[in-house]
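Residue-level structural notes
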Amino acid sequence: MSMSVDGYITGPDDRPGQELGRNGGRLFNWLDDRMSEGINGQVYAEAASTGAVISGRRMFELAKRWHGDHHDGVPIHVLTHTIDPADEPPGSAKFYTDVNACAAEAREAAGHRAVLVHGAGAAQALLAAGQLDELELHLVPVLLGDGRRLFEPIGLGHVELELVRRLEGRDATHLRYRIVHREGKQP
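Residues numbered from 1 in each chain as written. Predicted model: local features only at pLDDT ≥ 70, side-chain atom pairs only at ≥ 80, totals over all residues. Heavy atoms only, no water.

On to the environment of T173, then. Along the chain, T173 falls in strand β10 (residues 172-180). For T173, the side chain forms a polar contact with the side chain of E168, separated by 3.0 Å. (Helix = DSSP H or I, 4+ residues; strand = E, 2+ residues; numbered from the N terminus. Polar contact = N/O pair within 3.5 Å; in protein donor to acceptor, adjacent residues only side chain to side chain.)

What follows is the structure, encoded as structure tokens:
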């Protein structure tokens, strides 16, 4: 997740046609280097090598459902509160209302590769269910002042993180944390 120093993953007023909110595009300037051999290219290549995607429904819709293909035809698992049987998701996408079933099927589909998570809602739900192993933040040196936060108060309480990697790229510091699961909560 690309995030401002003050904790926002979009600018204010994120909506269709303005998916990143006002000034939210600044969070993704580092992707201009995604095809480089530098740090930003390395981090992007890692994300593109994942074997499945879990997305929140809101993110899925704002991304125009990725037209059914996020990257390389990997399965897209969409967490949602309700499923309309008449709503057929495109490509390899599938809707889930059960976070544990979604995580289990995504892990199975990914095989030995990692699962990429998109959207604050999906990340929060996975974290609350003890189904998130790592968190990678692309910390961008900007204060957006408003927008959508990655971690809103959702009753998680205290969560310990262990820094496992820090890389300095142009326009972003890439931080990878391991979630320190409480006893009995390891996925």
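Moving on: the pattern of salt bridges. The final tally for this structure, using the stated rule, is 21 salt bridges. The salt bridge partner of R58 is D14, with a shortest N-O separation of 2.7 Å. With R58 in helix α2 (residues 57-62) and D14 in the loop between β2 (8-10) and α1 (39-48), this residue pair connects regions lying 44 residues apart in the sequence. Residue R58 is classed as partly exposed on the basis of its relative accessible area of 37%. One connected set of salt bridges, linked through shared partners, spans E46, E134, E136, R165 and R176. (Salt bridge = Lys/Arg side-chain N within 4 Å of Asp/Glu carboxyl O. Buried < 20%, exposed > 50% of the residue type's maximum accessible area, 1.4 Å probe, protein only.)

All right, on to the pairing of β10 then. Counting buried positions along β10 yields seven of nine residues, so the element is predominantly enclosed. Across nine bridges, the pairing between strand β9 (residues 160-169) and β10 is antiparallel. Bridge pairing links E162 to R178 in β10. Counting the residues between successive antiparallel strands, the hairpin from β9 to β10 contains two residues, one of them, D171, with a positive phi of roughly 70 degrees. (Pairing = 2+ DSSP bridges.)

Time to look at unusual backbone geometry. Negative phi characterises most residues that are not glycine, and trans characterises most peptide bonds. Of note, H67 is a non-glycine position whose phi angle comes to about 50 degrees, a positive value. Its place among the elements puts H67 in the loop between α2 and β4 (76-79). Classification of H67 by relative accessible area gives exposed; the value is 67%. Of note, D171 is a non-glycine position whose phi angle comes to about 70 degrees, a positive value. When you line up the elements, D171 lands in the loop between β9 and β10.

Glancing now at the nonpolar core. Counting 25 residues, the largest nonpolar core has I54, L79, V117, L126, L137 and L150 as its most contacted members. Only β3 (52-56), α3 (99-110), α4 (120-128), β7 (134-140) and β10 provide two or more residues apiece to this core. Judged by nonpolar contacts, the second largest core, of 10 residues, contains Y8, L27, W30 and L167. (Core = buried A, V, L, I, M, F, W, Y, C linked by side-chain atoms within 4.5 Å.)

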